[in-house]
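Each chain is listed here by its residues.
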Amino acid sequence: MHLGELANRTPNPAVLGCYERLDASAPDDYRQLAALLLEDWRSRRISKAGIGGGQGAGKSTLGRLIVEAGEILDVRVQVLSIDDFYLTRAERERLAQQVHPLLATRGPPGTHAISMARRTLAALLRPGEVEIPRFDKGIDDRAGRTMLHGPADLVVLEGWCVGAGAAPCSESAAPLNALERELDADGRWRRFVNAALADEYVRLNQDLDALVFLQVPGLDAVRRWRLQQEGERPPAQRMTATQVRRFVAHYERITQRMLVTLPATADVVVELDDEHRVAGLRFAAGPP
C-alpha cells in the first residue's frame, strides 16, 4: 500500500518527505503511518497521545518511528511504554497474597503504577529532568532508571491496554478460557482487574488528547506474534509456545473487548491483517 492509498488522499510534501527519510529497514507501512500520525498530531496541536493494541501489534516499532519523524519535522517527541510502569515483583507478590495469586503476573490492569505514569506524562511537558523506571522482562522486575528531558512537544504512551475501558459486570461473570476456569473460578481476579480499569486507568485515558488503536485480526495472531517476539530474547529467558498461550490468556478478555469497543471510539484505527501489514486506516477527523 502506497502513502496516498494509506491516507486515502494525496499526502502533503511534509508527510512525504518525512516518510522518505525514516529508517528504511523498518516496515514500509509503519513508516508511512508514523509520518501520517505525527503530521496529524502536529496540525491538531496534540501534546499527549496513546497507542494501544494487542501484544506484538507493532506499538514499539511505531513509537520508535514517531520519534524519528519528530526529529525530521522538528517536533520534540518522547515515547513511554506502559510496560516500564509495571509494579515491582515484590509489589505484585503482595497483591497475589492479599487479593489473588494471578496478580503476580505482570500485564493486566491493576499491575501498573498508573499514578506514576500519569505524573511522568505531565512532567515531560515541562522543562527539566524526569526519572523513568526501566522494567526488565528477563528478570520480571524493575532494573534501574532512565532520565529523560523535558519539555517535549508531544508525549506518546504505548501499551497493550492503553485505551481499554471497563466492562459491565455481567460480561466478566463467566470464565472465558482455561486460565479463568482453573485459577479464577469465583471471578475475584476478573473483578479486581475490571475495577482497576474503571478507576485509575480511566483517568490515564482521559489524560490523552488522542488515541491510536492497532486493531489485530484476532487472538491467534497475537499468540503468533508474541511467540515471534520471544525469539528475539536470550534463549534462557524465552517462553515456549505453550507458555505463550498461557501468558496471553491473562490478556484475552480485555483484548477481545478492545476489539469490539475501540474501533468506534479511537481517534485513529489501524487495521492489521494476518501478515502484520496495515490493511486499513481510519482517522475519526478525516485523513491529515
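Model, not experiment: these values are computed from the prediction.

Participant: I keep staring at the overall build of the protein chain and nothing clicks. Help me out?
Facilitator: A count of helices and strands for the protein chain gives twelve helices and eight strands. Computed over C-alpha atoms, the radius of gyration of the protein chain comes to 19 Å, within 12% of the 19 Å expected from 2.2 N^0.38 for 288 residues, which places it in the range of a compact globule. Along the first, second and third principal axes, the C-alpha set of the protein chain runs to 55 × 40 × 40 Å. Per-residue burial over the protein chain gives 51% buried out of 288 residues. Summarising the internal contacts of the protein chain: among those between residues at least 6 apart in sequence, 75% fall at separations of at least 24. Summed over all atoms, the accessible surface of the protein chain reaches about 13100 Å², with 48% contributed by carbon and sulfur.

Participant: Please explain the sheet that holds strand 8 (residues 278-283) as it appears in this structure.
Facilitator: The strands making up a sheet associate through hydrogen bonds between their backbones, and the pairing can be parallel or antiparallel. With respect to topology, six strands assemble into an open sheet ordered 2-5-1-6-7-8, the strand pairing being mixed. Each edge of the open sheet is held by one strand with a lone partner, namely strand 2 (77-81) and strand 8. When strand polarity is set aside, the average angle formed by the axes of neighbouring strands in this sheet is 15°. Direction of pairing for strand 7 (residues 268-272) relative to strand 8: antiparallel, over a ladder of five bridges.

Participant: Would you take a moment to explain helix 5 (residues 89-98) for this structure?
Facilitator: Given 3.6 residues per turn, any residue in an α-helix points the same way as the ones three and four places further on. Among all positions in helix 5, only Arg92, Leu95 and Ala96 are buried. Seen from one end, helix 5 has its buried residues packed into an arc of 100°, which puts them on one side. Along helix 5, exposed side chains directed more than 90 degrees from the buried face belong to Gln97 and Gln98. Those residues of helix 5 that are buried lie in contact with strand 3 (128-136) and helix 8 (188-198).

Calculation rules
- Residues numbered from 1 in each chain as written.
- Predicted model: local features only at pLDDT ≥ 70, side-chain atom pairs only at ≥ 80, totals over all residues.
- Heavy atoms only, no water.
- Helix = DSSP H or I, 4+ residues; strand = E, 2+ residues; numbered from the N terminus.
- Rg over C-alpha atoms; globule rule 2.2 N^0.38 Å.
- Buried < 20%, exposed > 50% of the residue type's maximum accessible area, 1.4 Å probe, protein only.
- Contact = heavy atoms within 4.5 Å.
- Areas by Shrake-Rupley, 256 points an atom, 1.4 Å probe, with all protein chains shown as cover.
- Pairing = 2+ DSSP bridges.
- Axes fitted to C-alpha atoms, helices over the stretch in contact; angles between N-to-C directions.
- Arc of directions from axis to C-beta.

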